[in-house]
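# Notes for the structure review
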Amino acid sequence: MPYCHYFKESSAYSSVTNNSSYRSVILSLDTMSVRDRRKQQLIQCRDGALDRKTINSIVRKVVTAGGVKRKHTEHPSNGDEKKKKSSKFCIVKGEGQYVYDEDGRQFLDCAASVTHVGHSHPHVVRAFCESQASALQWNGENIDQRNTKQREAFLSKFRSLLPASLTKVILVNSGSSANGLAIQVCQAATGRQDVVVFDHTFHGSLSVSSSCSPMTFNKEGSGVKKPWVHVLPVPDLYRGTHRESDPAAVMKYFSEAKCILEDLVKKGVKIACIMMEPIFTFQGMTMAEPVYMQELVKYIHQIGALVVMDEVQGGLGRMGTTWGYQHLGIEPDVLTCGKPLSNGYPLAVMATSHRLARPLQNITDIIEREGINPGPSLAVLEVMEKEQRVSHVVKVGSRLMRLLRDLAQRRRYIGQV
């Protein structure tokens, strides 16, 4: 089902329009009865407009919060007057870096987060279709030689991108599962339970991973922080308590984090791991200073805990290196990567050492017998290599950074680039 970004300048009217046999409905919200509202809702459900609005509710909230002025006006009676335009685009397909609406208009896609090598890349689509023509699994075993060879080829190519210590690669079906499994591995390997995360981060929607996602915590009772989860402040030099104008700001953030961890240790808390991203995605793409992360990782290892790097958003070349952690001068004990690896298809990985994975071997052996086919993911890695996507990111990123910094000199509303 296509998703629809729908904004209308006039709040006096609501319009549902499709290029299909369904008729357009325009009802006045000011005088709409309960029966009329229900009728409109049923029509919206029928042609998918209600679902599309639900999917993009966050976008509408942003527009409202941005102070968009809405005028309560009637339709112009003079036929010569131009009708008020509504900015509406209903996305129906994607190709490469572009998406297209129902009228064929082209938009540069700056919002997609998992179509790593572009929408509908022919090599990835072909790999997905071909893999579906084979038997994935039977009685816990891969019985099709094509799938077996694809799996071996993928694991070989993927391991070549990892640090030498991460030799054990487990395939799962989502980033949430990968992060949950990573936490289980750390808990089993250390014999400890507690997990440290950064504030305002998201690591998944399943039980364990959502419990370690402060973005899901709220005051209503659902998503309350678990007692085994501990939260560190994001070392934000732009919005945080310590700003970039202070030369000692980075070490002040580290001192605060260390005090929090030392206090937990004094209380007898047994920390199994810290889970973090190489870039704080939901904190406005905040990049931690390398020295902060290096000192933090050093201390985490000193207290016997492990480091899990969630590379779902920052990995696979998006930051100009294969993995985002490479900018920080550290090396994780466990690494996870999600759907961008397969261009949006359900596949993710958890990589660690054989030593750390051994205590959980009974579970990982069962997971490895599942019929997950990495054909599309192998295709993504092949596209990245053939089209030199990582070096392209460096080139385009450098140019974009230069242009944005130039723009910041002319626009006082830009605070930081």
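Residues numbered from 1 in each chain as written. Predicted model: local features only at pLDDT ≥ 70, side-chain atom pairs only at ≥ 80, totals over all residues. Heavy atoms only, no water.

### A short note on the packing of helix H4 (residues 122–132) against helix H12 (residues 375–386)
The condition is simple: In this description, a line fitted to the C-alpha atoms serves as the axis of each element, helices being fitted only across the stretch in contact, and the angle between N-to-C directions of two axes falls anywhere from 0 to 180 degrees. Runs of H or I in DSSP of at least four residues are treated as helices and runs of E of at least two as strands, each being numbered from the N terminus. Here roughly perpendicular refers to angles of 65 to 115 degrees, roughly parallel to angles under 35, roughly antiparallel to angles over 145, and oblique to all remaining angles. By definition, turning the near helix anticlockwise from the far helix through less than a right angle yields a left-handed crossing, and turning it clockwise yields a right-handed one. In this description, contact between two residues means that some pair of their heavy atoms is separated by no more than 4.5 Å. The classification used treats Ala, Val, Leu, Ile, Met, Phe, Trp, Tyr, Cys and Pro as nonpolar, Asp, Glu, Lys and Arg as charged, and all other residues, Gly among them, as polar.
Interaxial distance between H4 and H12 falls to 8 Å at its minimum, and their mutual angle equals 160°. Relative to H12, H4 is oriented roughly antiparallel. For the element pair H4 and H12, the recorded crossing hand is right-handed. Between H4 and H12, the contacting residues are His123, Val124, Ala127 and Phe128 on the first element and Gly375, Pro376, Ala379, Val380, Glu382 and Val383 on the second. Looking at the contact of H4 with H12 residue by residue, the classes come out as seven nonpolar, two polar and one charged.

### Quick word on the pairing of strand S10 (residues 271–276)
Here is the rule we go by: Three exposure classes are used, based on accessible area relative to the maximum for each residue type with a 1.4 Å probe and protein chains only: buried under 20%, partly exposed in between, and exposed over 50%. At least two DSSP bridges between two strands are required for those strands to pair. Crossover handedness is defined here as right-handed if the route from the first strand over the helix to the second strand goes clockwise, with the strands pointing away from the viewer.
Across the six residues that make up S10, a large majority, six, are buried. One ladder, built from four bridges, connects strand S8 (residues 194–198) with S10; its direction is parallel. Paired with Val196 across the bridge in S10 is Ile274. Direction of pairing for S10 relative to strand S11 (residues 306–310): parallel, over a ladder of four bridges. If you follow Met276 over to S11, its bridge partner there is Met309. Handedness of the crossover is the feature at issue here: the chain leaves S10, passes through helix H9 (residues 290–302), returns alongside S11, and the resulting connection is right-handed.

### Some details on a nonpolar patch on the surface
What counts here: Note that patches include only residues with greater than 30% relative accessible area and no salt bridge, and the join distances are 9 Å for like charges and 5 Å for nonpolar side chains (Val, Leu, Ile, Met, Phe, Trp, Tyr). Working definition of accessibility: Shrake-Rupley area with a 1.4 Å probe, residue cover restricted to the visible protein chains. The term salt bridge refers to a side-chain nitrogen of Lys or Arg lying within 4 Å of a carboxyl oxygen of Asp or Glu.
Together, Leu400, Met401, Leu404 and Val417 make up an exposed nonpolar region whose accessible area comes to about 300 Å². With respect to the secondary-structure elements, Leu400 resides in helix H13 (residues 389–410). Leu400 sits in the partly exposed class, given a relative accessible area of 47%.

### Considerations on the packing of aromatic side chains
What counts here: Two aromatic rings from Phe, Tyr or Trp, using only the six-membered ring of Trp, form a pair when their centres are within 6.5 Å; if the ring planes differ by under 30 degrees the pair is stacked, by over 60 it is edge-to-face, and anything between is tilted.
Under the definition given, this model contains six aromatic pairs. Between the aromatic rings of Phe128 and Tyr345, the centroid separation amounts to 4.2 Å while the plane-to-plane angle is 0°, which identifies the pairing as stacked. In this pair, Phe128 is assigned in helix H4 and Tyr345 in the loop between strand S12 (334–337) and strand S13 (348–352), connecting sequence segments 217 residues apart. Between Phe198 and Tyr292, the aromatic rings sit 6.4 Å apart at their centres with planes inclined by 50°, giving tilted as the arrangement. Here the residue Phe198 occupies a position in strand S8, and Tyr292 occupies one in helix H9, the gap between them amounting to 94 residues. Assessed through its relative accessible area of 1%, Tyr292 is described here as buried. Through a chain of ring-to-ring contacts, the aromatic side chains of Phe154, Phe158 and Trp323 assemble into a single cluster.

### Some thoughts on unusual backbone geometry
Positioned with a positive phi, Ser120 is a non-glycine residue whose angle comes to about 55°. Tracing the sequence through the fold places Ser120 in the loop between strand S6 (106–108) and H4. Although it is not a glycine, Gln388 adopts a positive phi angle of roughly 50°. With respect to the helices, strands and loops of the structure, Gln388 is situated in the loop between H12 and H13. Looking at Gln388, the relative accessible area reads 54%, which means it is exposed.

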